[in-house]
Amino acid sequence: MNGTLFLDKERKNGARFYFEITLQEKKQKSTNSHLNSSLNETIDTPNLLDSKVKIDEVSILVVEDNLTNQMYMKALMDTLSIKFTIANNGLEAVDLYEVNKYDIILMDENMPLMSGSEATVKIRNIEKNTKYHTPIIALTANALKGDKEKFIEIGMDDYLSKPIRKKDLKNIINKFIN
């Protein structure tokens, strides 16, 4: 990403690693070849969904606390031309859900204040009164056997393992929107 990695090894209790990178706003075309190659599979075509629902009518809530993952999801959603909102944690997700209608919620699991599982349970309790069901897809780096079943048992509808790939996201959207 055309950045610099630093190592501070003068500390007696270990080492400190840190890095500097420059990120650009979407208004400017990114010339960062590493980021572009990471997103290459998301940039190849503007109209990715083969559905009866117009892509610009789809609204997704992305619940993610990690800034780098938020930027990646933003770039992914932008290349798909999907309207989305980002919540920084499960508590924000529940608050946003109560005042907005989303077609799909992409829910990270490990977050501060309220986990994805806790937020899902709260959203499902709210839905008992509305009789409306919003598909909630777990987003997690946990890719162990049984994780998908655990997420479905608490009320999520499906599971995507990080890093999220365009093809997998497209399939999930098509599965739950159509």
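Figured I'd write up the structure that's included with this text. (Residues numbered from 1 in each chain as written. Predicted model: local features only at pLDDT ≥ 70, side-chain atom pairs only at ≥ 80, totals over all residues. Heavy atoms only, no water.)

**Focus: the overall build of the protein chain**
Heads up, the condition is: Only DSSP runs of H or I covering at least 4 residues are called helices, and only runs of E covering at least 2 are called strands; the numbering of each starts at the N terminus. Relative accessibility decides the category of a residue: with a 1.4 Å probe and only protein chains considered, values under 20% of the type maximum give buried, values over 50% give exposed, and everything between is partly exposed. Only heavy atoms enter the contact rule, under which two residues are in contact if any of them lie within 4.5 Å. Each accessible area is a Shrake-Rupley result for a 1.4 Å probe, and residues are judged covered by the shown protein chains and nothing else.
The helix and strand inventory of the protein chain stands at 7 helices and 7 strands. By residue count, 36% of the 178 residues in the protein chain fall in the buried class. Taking the contacts inside the protein chain whose residues are at least 6 apart along the sequence as the reference set, 59% of them involve residues at least 24 apart. Summing over all exposed atoms, the protein chain offers an accessible surface of approximately 11100 Å²; the carbon and sulfur share of this is 51%.

**Describing helix H5 (residues 116-130)**
For clarity, the threshold we go by: What a helix is expected to span follows from its residue count: subtract one and scale by 1.5 Å. The directions from the helix axis to the C-beta atoms are what the arc is built from.
Compared with the 21 Å implied by 1.5 Å per residue over 15 residues, the 21 Å span of H5 between its first and last C-alpha is a close match. Those residues of H5 that sit buried are Gly116, Ser117, Ala119, Thr120, Ile123, Arg124 and Glu127. End-on, the buried residues of H5 take up no more than an arc of 150°, which puts them together on one face. When the buried face of H5 is taken as reference, the exposed residues oriented beyond 90 degrees from it are Lys128 and Asn129. The inward-facing, buried residues of H5 contact helix H4 (90-99), strand S5 (104-108), strand S6 (136-140) and helix H6 (147-153).

**Here's the deal with H4**
Quick reminder of the rule: As used in this structure description, the phrase polar contact means that two N or O atoms lie within 3.5 Å; if the pair is within protein, one of them must be able to donate a hydrogen and the other to accept it, and residues adjacent in sequence are counted only when both atoms belong to side chains.
Within the sequence span of H4, burial applies to Gly90, Ala93, Val94 and Tyr97. The buried residues of H4 all sit within an arc of 95° when viewed along its axis, so they share a single face. Of the surrounding elements, those touching the buried residues of H4 are strand S3 (59-63), strand S4 (83-87), S5 and H5. At the N-terminal end of H4, a side-chain oxygen is found 3.0 Å from the backbone nitrogen of leucine 91, two or three residues along, and the residue is asparagine 89.

**Re the sheet that holds S4**
As a reminder of what qualifies: When DSSP finds at least two bridges between two strands, those strands are taken to pair. Every angle, taken between N-to-C directions, lies between 0 and 180 degrees, and every axis is a line fitted to C-alpha atoms, over only the stretch in contact when it is a helix.
Strand order in the open sheet made by the 5 strands is S4-S3-S5-S6-S7, with parallel pairing throughout. Because the sheet does not close on itself, it has two edges, and the strands there are S4 and strand S7 (158-161). Neighbour-to-neighbour, the strand axes of the sheet open up by a mean angle of 20°, direction not taken into account. Pairing of S3 with S5, which is carried by 4 bridges, proceeds in the parallel orientation. The residue bridging leucine 61 from the neighbouring strand is isoleucine 105, located in S5.

**Describing the pairing of S6**
As a reminder of what qualifies: Looking down the strands as they point away from you, a crossover is right-handed if its path from the first strand over the helix to the second goes clockwise.
By the criterion of burial, S6 is predominantly enclosed, with 5 of the 5 residues buried. Side chains Ile136, Ala138 and Thr140 project from S6 onto one buried face, and the interleaved Ile137 and Leu139 project onto a second face that is buried too. In this fold, S5 hands off to H5, which returns the chain to S6; that crossover is right-handed. Of the pairings in the sheet, the one linking S6 to S7 comprises 4 bridges and is parallel in character.

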